[in-house]
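# Survey of secondary and tertiary structure
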There are 8 protein chains.
Amino acid sequence: MNRPFIIDYDRRQRLGFDEVIYGESKSINLLLGLLAEYVNRNQNVLITRVQHKKGKALLKKHHSAFFDKESGIFMLKPLEGNDEVKRVGIISAGSSDIGVANEAYYTLTYMGIGAEIIQDVGVAGLHRLLDRIEDLRTYDILIVVAGFEGALPTVVGGLLPQPIIAVPTSVGYGTAKNGKTALHAMLTSCSNGITVVNIDNGYGAAMSAFRMLNLKK
Amino acid sequence: MNRPFIIDYDRRQRLGFDEVIYGESKSINLLLGLLAEYVNRNQNVLITRVQHKKGKALLKKHHSAFFDKESGIFMLKPLEGNDEVKRVGIISAGSSDIGVANEAYYTLTYMGIGAEIIQDVGVAGLHRLLDRIEDLRTYDILIVVAGFEGALPTVVGGLLPQPIIAVPTSVGYGTAKNGKTALHAMLTSCSNGITVVNIDNGYGAAMSAFRMLNLKK
Amino acid sequence: MNRPFIIDYDRRQRLGFDEVIYGESKSINLLLGLLAEYVNRNQNVLITRVQHKKGKALLKKHHSAFFDKESGIFMLKPLEGNDEVKRVGIISAGSSDIGVANEAYYTLTYMGIGAEIIQDVGVAGLHRLLDRIEDLRTYDILIVVAGFEGALPTVVGGLLPQPIIAVPTSVGYGTAKNGKTALHAMLTSCSNGITVVNIDNGYGAAMSAFRMLNLKK
Amino acid sequence: MNRPFIIDYDRRQRLGFDEVIYGESKSINLLLGLLAEYVNRNQNVLITRVQHKKGKALLKKHHSAFFDKESGIFMLKPLEGNDEVKRVGIISAGSSDIGVANEAYYTLTYMGIGAEIIQDVGVAGLHRLLDRIEDLRTYDILIVVAGFEGALPTVVGGLLPQPIIAVPTSVGYGTAKNGKTALHAMLTSCSNGITVVNIDNGYGAAMSAFRMLNLKK
Amino acid sequence: MNRPFIIDYDRRQRLGFDEVIYGESKSINLLLGLLAEYVNRNQNVLITRVQHKKGKALLKKHHSAFFDKESGIFMLKPLEGNDEVKRVGIISAGSSDIGVANEAYYTLTYMGIGAEIIQDVGVAGLHRLLDRIEDLRTYDILIVVAGFEGALPTVVGGLLPQPIIAVPTSVGYGTAKNGKTALHAMLTSCSNGITVVNIDNGYGAAMSAFRMLNLKK
Amino acid sequence: MNRPFIIDYDRRQRLGFDEVIYGESKSINLLLGLLAEYVNRNQNVLITRVQHKKGKALLKKHHSAFFDKESGIFMLKPLEGNDEVKRVGIISAGSSDIGVANEAYYTLTYMGIGAEIIQDVGVAGLHRLLDRIEDLRTYDILIVVAGFEGALPTVVGGLLPQPIIAVPTSVGYGTAKNGKTALHAMLTSCSNGITVVNIDNGYGAAMSAFRMLNLKK
Amino acid sequence: MNRPFIIDYDRRQRLGFDEVIYGESKSINLLLGLLAEYVNRNQNVLITRVQHKKGKALLKKHHSAFFDKESGIFMLKPLEGNDEVKRVGIISAGSSDIGVANEAYYTLTYMGIGAEIIQDVGVAGLHRLLDRIEDLRTYDILIVVAGFEGALPTVVGGLLPQPIIAVPTSVGYGTAKNGKTALHAMLTSCSNGITVVNIDNGYGAAMSAFRMLNLKK
Amino acid sequence: MNRPFIIDYDRRQRLGFDEVIYGESKSINLLLGLLAEYVNRNQNVLITRVQHKKGKALLKKHHSAFFDKESGIFMLKPLEGNDEVKRVGIISAGSSDIGVANEAYYTLTYMGIGAEIIQDVGVAGLHRLLDRIEDLRTYDILIVVAGFEGALPTVVGGLLPQPIIAVPTSVGYGTAKNGKTALHAMLTSCSNGITVVNIDNGYGAAMSAFRMLNLKK
């Protein structure tokens, strides 16, 4: 009963972007079939949450494709430098959140939006963040990634006026496990006007930024 | 040990907006003291979550002030028509969510942003929503308010390309109680690029819209 | 202390169907013993939730048996085309839910009920669903399978008048993990008269449909 | 910003039944306005979850209307005996669940379906249930209402072949509080083919039965 | 910093039974050291929750010891027939709960108490239980083991007058996962006077029975 | 649809005790009707969880009845001294748990079992407990009532050999709210052979003790 | 069965402080009885969580006593200035947390320890906190009180080296409700060496500080 | 996008201690890079939560380093005997908690603080604890580690006057799983002045002790 995947070709017309494939629960065979279809149409495609083994299998067939093992992002055609202005700053406290930050970064790249990752500006060493405030003020939008107690978006939101998209991550143990604490902390932030996406959802944060940047056009 | 409230006067400089007072857990006396200070400075001020009884007490002292009992919004000076363009559409499924929709509406008005509430476009009667799609396309930003199963932002997000701020409400019973189900449904939406704020947080949705609209400047 | 499994032979008389074996926590040896008993009696039997390795071991002994690795369904005798009318439509948003959809499909087949799977009609691409409404109206019963935010049964329930059995799946991450969000969303649906079964319980959905179809007799 | 309620008049065409009003979060004034509109059109209407005080206020204006204070059901025109065959049996363990049982009963009556409530057949006194098995076999559909540990639908489902709609109630204390335990017990029933609706949702159970009974036509 | 385990030798004097070793989180080396000490003193000892691999390693050193891989029970000296009267009946619905039932059975054996396991008397096939009621009446105490919706102790408690120790198990999926549903259902049973132990805690059930049987002396 | 309550008169034959009425969700009128029936038959009856106002209303009609406002226990005929031997000791940490302790105490009295309440032996002042150990050893059964962190049954279970029935209470705030913490602590006690009943369920503890004391006969 | 409260007079010898009375679930009569006993012994006593009405009733009998309605703290003898050095700084974000801050303040006063409350230094206006860092460095211990997302202790812990006792409060709505989010955020703080007490437990924070200050002696 | 880790070199100046590396989610390569930097500066460094395989890989490159596989603690330079006075007593109930106890022990050693682990003083065998009370009184601070029902800190806190840092562990099964029960029990302890850290957070307990011991200087 395993029917072929039907691609939603008119999504671009409706929403301004193509359908993106959620790779986590799809088999290698199904993904290879889908990729073949995109190759035939000479279109690029983005697949998210591709596990390490599956990514390596896809690369074997598609040598020039791009795969980032930290985030599981797979693209048929790697994209580079298509927007010289860095519009979105992706802030995170440390290397533990790199997978989620990369998912946001590469999704933005795929959408043609310049972005930059700013690491190691966590709340425990506040001066590192304060030293970079003027720098951070230059981005149109800030994506703030944090696990554990998830305090970083609250602090950033109290200091800077841009749209802030908070991404809780499932980094931590004990009561931090699964990212629920960071998620709830971000939703109840005492800073005004912060919006939140699902736990570990770097992709969703990037798509939100894409919707917001349409306001500049 | 009940010290006076110290107003954060330089927030406007930092973030572009004044401090807003969270009224829910403040006494009538404390609120009257704060209002007196704003009257002296001839400034307007917004207070959120003012309970019905407290709102009536404040109105007795400040006859020309504005108080909306559905949402608990209190403003020293009512604002009208200061932006003729309706930039933000506030969509909700029905009259049960009116308190949260109004909180967003009046906060936007206070921030000088034109807004409009579109009621009765719920998922159970989908055609009413589909009939208004072209209408809804004209707003810069959509705030989508929903209780129960919280499906409305997902449907709207699949049909329209703007930034979508989803607001779960605590309307419902059984497993819908407290708004947790609507919140989680919005966070895990299969539509791309939806952002979420806390349960019943119409104020936060408005402030997010405010941050996003800066991108147009 | 591992006593033999006693088969409930008079269940058919009481309820109109035979006992079905829950395979997940039974050993290969125990299952082989049970199958031998059914072979002796020349009866068919359905086993659910047979893990991949166990399914392959059972097939080695019973070459003509049927095993679906997506759903873990095992039947001694494969059944085909025993009801030409397709009475039950099984709707799902995509290939990630295929295991649960198949569990419902093969259970219905085993019960002698014609069914069909309709994939890729998710909420994020609503027009694909709207295009098929007249088609969907032809089934007696609709089983609607969905993970993530679980909005699909709500939308279908607002458009179509048949009995709707909603099946939440454990597909998703973050707050969608384990299917709790989809379950709660379906239980609190603003569409009227939707019933729900346990997370990932395609088998239960099929058995409910079986009970309902007795009403036609 | 409190706009008038727009009635979904074409729901009957789409789904075979009229829109029902959820009364819990609507004010007396709003409800009176809605009732006036139905009186003008000389149509009956069903309002659910009307609190005691609000129900009495509505009765003052509409003397011939019907209001059941146990369930909060309000109907403009009381309906009696419009179906002499009792198609749906509503089973409950005791008088504590009467509100939910009545909500199902009166909704069915409003939909023109004959129903009957069978009380005091709980699991703790199993013989009372066993004594009535042949009686219960005569209904087309069984709605089984239970709080506390929610075992009744499981026992009924193992004894009788009809469609079974389980309704968990929020009756109980400690770990039974809010009905979550009964809900989860019903969802994980070891009896086959039981479907479940939200906690205390007698209305939803009745609407599910309505959808199922269409199969008889 | 891994200090030796100090045995609580005077527990027998205080409570009437020796200390039992919780094996789950202890290494093979630590367990072998402990066993050596008991061999030296020529005493028997019970170790619970010994994983399969660890159990096989212990058996290599202690050939005459007893190990049950279903429950993880390990005893230096196997015990047989030390009480001809079967005082405790251990009831379960099926072979999925065998590990927990065996843990109770072997612990009782170790404590010198005769016990018997009665399988396949679940709620879905009620007549199998009703057929054995007179049989079950002969035990002093009933331990009732159940996963999924956990209804069995409620039914047994409504039919039989003995002390009933309910043991929820982590068998099931969806909302049954981890045994929480069965636990809560047992705690909120509408049958009177049922007591409950932790999820999967066959050992605790046996020890409770041991304490109760002192009342007969 | 409010049918009369049908009394389960043969429960005594089956289980050795009469049906007890759960008063919490029954109206004064329903309870008065039930009491009249018992007066006619010249039988005593126990009603649990009678709220203060309802208890006073019942007393007005039944002057010689007994009502304890702490626990909500109501009995038609007060019972005194019907068992001179105090078989059950009810231990609690302080006056906050008195309602639950009394519910157990009066239920035991009604069942004809001598009992005694021992207050102020909490874990925070351990010496008060240690001073009374020999005293506590004289009871057949110990019911241990505790809120907050629920440590008392664990300590008692490590010191004394009798059957121990742990009753968590909903006393406390923060993470102790609703008694969940005490319940879980008692279920996971490192002391052996403790059984647990639902939160605040003094009645259930007494009924368990009743079942256990049958072993002495 | 309401026995008198037995005072734990030798607690001072064991732990260095007297027993404190938890007032929340004690009746006015019971509290008056206890107070009389302390008056007789000419001793001071601290009662926590005394509700407003009960506090006023106690004051009527004890005119010179002290009662703070924000926190519910009651003391027979008000204490003032018994330690000129302010050893403990109690930091909070705003007037919403005043009840919890006062509970800590008055408990410390009762224990003879100088303390000070520093309000309005929340995370949303970070500069107000940064401006006072040198000031805050002068306290031996910092008690940090916060509701909503509970980020304040994390920020303070990254800036200052003293022992930090974090107190989550139940201030907030939506996912902040009941203080669980603030509690979990504090437990998973990325700042090192922060300890936490129960939600709203200003009393516990003060007692922890008391234990720590013994290290200075 | 994997940028280098930036070390927070001035943390010592601010807080009195160096940055510690959280090893759990960092790759071997990243950790080796960091260690090389510390070797160059001839500084010691502490890494926590290093999994077994990763620890062995690090030891291969750094032969003289220290790695404890129970706790996952890694230090470039092992430290011994740098404080002859044992200031902190680390109490635990048994060998199951050894990983967490060791994490606290080695962190204290790294900070230059003498510590000692006291095992096998659990609540189930209370006399073993009571026998050592005078011994335990000699430590400045007590870290109390416990899983299951987490009662140990409550008992210790009622007997001894020092600062008590309670550490819940994730040891146990059923309702004890993940350490939530022990955590909540410790937070709601009826003993006064106990502080708590995150589940399994031996490191955090040690750092809290470090902050407290500054009070002695």
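Fair warning: this is a prediction, and the values are worked out from it, not measured in the lab.

### Things to note about the overall build of chain A
A tally of regular secondary structure across chain A gives nine helices and nine strands. Rg of the C-alpha trace for chain A: 18 Å, near the compact-globule value of 17 Å for 217 residues, within the 12% margin. Along the first, second and third principal axes, the C-alpha atoms of chain A reach 50 × 45 × 30 Å. When burial is assessed residue by residue, chain A has 68% of its 217 residues classed as buried. Counting contacts in chain A only where the partners sit at least 6 residues apart, residues at least 24 apart contribute 66% of the total. Here chain A has roughly 7,500 Å² of accessible surface; of this, 49% comes from carbon and sulfur atoms. Side chains of chain A carry 24 positive and 21 negative charges; the gap between the two charge centres is 8 Å.

### Regarding the interface of chain G and chain F
Across the boundary between the two partners, chain G contributes 25 residues, which contact 21 residues of chain F. Interface area for chain G against chain F, summed over the two sides, is near 1,800 Å², with a carbon-plus-sulfur share of 46%. The interface formed by chain G and chain F holds four residue pairs in polar contact (both at pLDDT 80 or more) in total. Looking at the side of chain G that touches chain F, the elements that each hand over two or more residues are helix H1 (11–15) and helix H8 (180–187) of chain G. Of the residues assigned to the side of chain G that touches chain F, the class counts are nine nonpolar, five polar and eleven charged.

### Overview of the sheet that holds strand S3 (residues 66–68) of chain E
Residue and element names in this part refer to chain E. Ordered in space as S1-S2-S4-S3, the four strands form an open sheet in which the pairing is mixed. Each edge of the open sheet carries a strand with a single partner, namely strand S1 (21–22) and S3. Against the sheet, helix H4 (residues 98–110) engages strand S2 (46–48), S3 and strand S4 (73–75), with an angle of about 20° to S4.

### Here we look at the domain arrangement of chain A
All names here are of chain A. Once the domains are mapped, chain A shows domain 1 (11–75) and domain 2 (86–214). If you average the C-alpha positions of domain 1 and of domain 2, the two centres end up 25 Å apart. Each side of the interface is counted separately: domain 1 has 15 residues, and domain 2 has 14 residues. Scanning the region where domain 1 abuts domain 2 turns up one salt bridge. Here Arg49 ties to Glu103 by a salt bridge, and the two come within 3.5 Å at their closest N and O atoms. Here domain 1 is connected to domain 2 by two residue pairs in polar contact (both at pLDDT 80 or more). Of all the secondary structure elements, the ones that give two or more residues to the side of domain 1 that touches domain 2 are strand S2 (46–48), strand S3 (66–68) and strand S4 (73–75).

### What to know about the packing of aromatic side chains
Enumeration according to the criterion identifies 40 aromatic pairs over all chains in this entry. Relative to Phe148 of chain C, the ring of Tyr22 of chain A has its centre 5.4 Å away and its plane inclined at 70°; by these criteria the two rings are edge-to-face. On the criterion of chain membership, the pair formed by Tyr22 of chain A in strand S1 (residues 21–22) and Phe148 of chain C in the loop between strand S7 (141–146) and helix H7 (152–159) is interchain, its members lying in two chains. Here Tyr22 of chain A and Phe148 of chain C have matching classes, each one buried. Relative to Tyr106 of chain H, the ring of Tyr105 of chain H lies with its centre 5.1 Å away and its plane at 80°, an arrangement referred to as edge-to-face.

### Topic: the interface of chain A and chain B
Between chain A and chain B, the contact holds 35 residues from the first and 35 residues from the second. Counting each side, the surface lost to burial between chain A and chain B is near 3,000 Å², with a carbon and sulfur contribution of 55%. Contact with chain B buries area across many residues of chain A, yet Asn192, Arg211 and Leu215 of chain A alone supply 27% of it, more than any other trio. There are zero salt bridges connecting chain A and chain B. In this structure, the connection of chain A to chain B is made through 13 residue pairs in polar contact (both at pLDDT 80 or more).

### Let's talk about the arrangement of the chains
Taking C-alpha atoms only, the smallest gap left between chain A and chain F, which are not in contact, amounts to 13 Å. Left apart from each other, chain E and chain G have a closest C-alpha approach of 21 Å.

### A short note on the side chain of Arg211 of chain H
Structurally, Arg211 of chain H can be placed in helix H9 (residues 202–213). Here Arg211 of chain H falls in the buried class, since its relative accessible area comes to 0%. Within the local environment of Arg211 of chain H, its side chain forms a polar contact with the backbone oxygen of Asn192 of chain G, the two atoms lying 2.9 Å apart. Arg211 of chain H has contacts with Gly157, Leu160, Pro161, Gln162, Pro163, Ile164, Asn192 and Gly193 of chain G together with Phe17 of chain H, leaving out every residue within four places of it along the chain.

### Things to note about helix H4 (residues 98–110) of chain F
All names here are of chain F. Along its 13 residues, H4 runs 18 Å from first to last C-alpha, staying within 8% of the 18 Å computed at 1.5 Å per residue. With 13 of its 13 residues buried, H4 lies for the most part within the structure. Of the residues trailing H4, Gly112 is marked for its positive phi of about 85°.

### Digging into the pattern of salt bridges
As enumerated under the stated definition, the model contains 40 salt bridges over all chains in all. Note that Lys216 of chain C is salt-bridged to Asp140 of chain C, the shortest N-O span being 3.3 Å. Of this pair, Lys216 of chain C sits in the segment after helix H9 (202–213) while Asp140 of chain C sits in the loop between helix H6 (133–136) and S7, and the two are 76 residues apart along the sequence. By relative accessible area, Lys216 of chain C is classed as partly exposed at 40%. A salt bridge links Arg137 of chain F to Glu134 of chain F, with the shortest nitrogen-to-oxygen separation between them at 3.1 Å.

### Structural notes on the relation of the copies chain G and chain F
Relating one copy of the chain to the other requires a rotation about an axis plus a shift along that axis. Of the transformation placing chain G onto chain F, the axial shift is 0.0 Å and the rotation is 90°, giving an RMSD of 0.0 Å. Overall, the copies show the geometry of a four-fold rotation axis. Using C-alpha coordinates, one finds that chain G approaches the rotation axis most closely at Asn178 of chain G, a distance of 8.5 Å.

### Here's the deal with the environment of Gly72 of chain E
Residue and element names in this part refer to chain E. Of note, Gly72 is situated in the loop between S3 and S4. With a relative accessible area of 3%, Gly72 lands in the buried category. Along the primary structure Gly72 and Thr48 are separated by 24 residues, whereas in three dimensions their C-alpha atoms are 6.0 Å apart. Dropping the residues within four chain positions of it, Gly72 is found in contact with Ile47, Thr48, Arg49, Val50 and Phe67.

Cut-off values and rules
Residues numbered from 1 in each chain as written. Chains lettered and ligands numbered in written order. Predicted model: local features only at pLDDT ≥ 70, side-chain atom pairs only at ≥ 80, totals over all residues. Heavy atoms only, no water. Helix = DSSP H or I, 4+ residues; strand = E, 2+ residues; numbered from the N terminus. Rg over C-alpha atoms; globule rule 2.2 N^0.38 Å. Buried < 20%, exposed > 50% of the residue type's maximum accessible area, 1.4 Å probe, protein only. Contact = heavy atoms within 4.5 Å. Areas by Shrake-Rupley, 256 points an atom, 1.4 Å probe, with all protein chains shown as cover. Lys, Arg positive; Asp, Glu negative; His and termini not counted. Charge placed at Lys NZ, Arg CZ, Asp CG, Glu CD. Buried area = accessible area lost by both parts, 1.4 Å probe. Polar contact = N/O pair within 3.5 Å; in protein donor to acceptor, adjacent residues only side chain to side chain. Nonpolar A, V, L, I, M, F, W, Y, C, P; charged D, E, K, R; others polar. Pairing = 2+ DSSP bridges. Axes fitted to C-alpha atoms, helices over the stretch in contact; angles between N-to-C directions. Domains from an automatic or database assignment. Salt bridge = Lys/Arg side-chain N within 4 Å of Asp/Glu carboxyl O. Phe/Tyr/Trp six-rings, centres within 6.5 Å; stacked < 30°, edge-to-face > 60°. Expected span 1.5 Å × (residues − 1). Least-squares fit on C-alpha atoms with pLDDT ≥ 70 in both.

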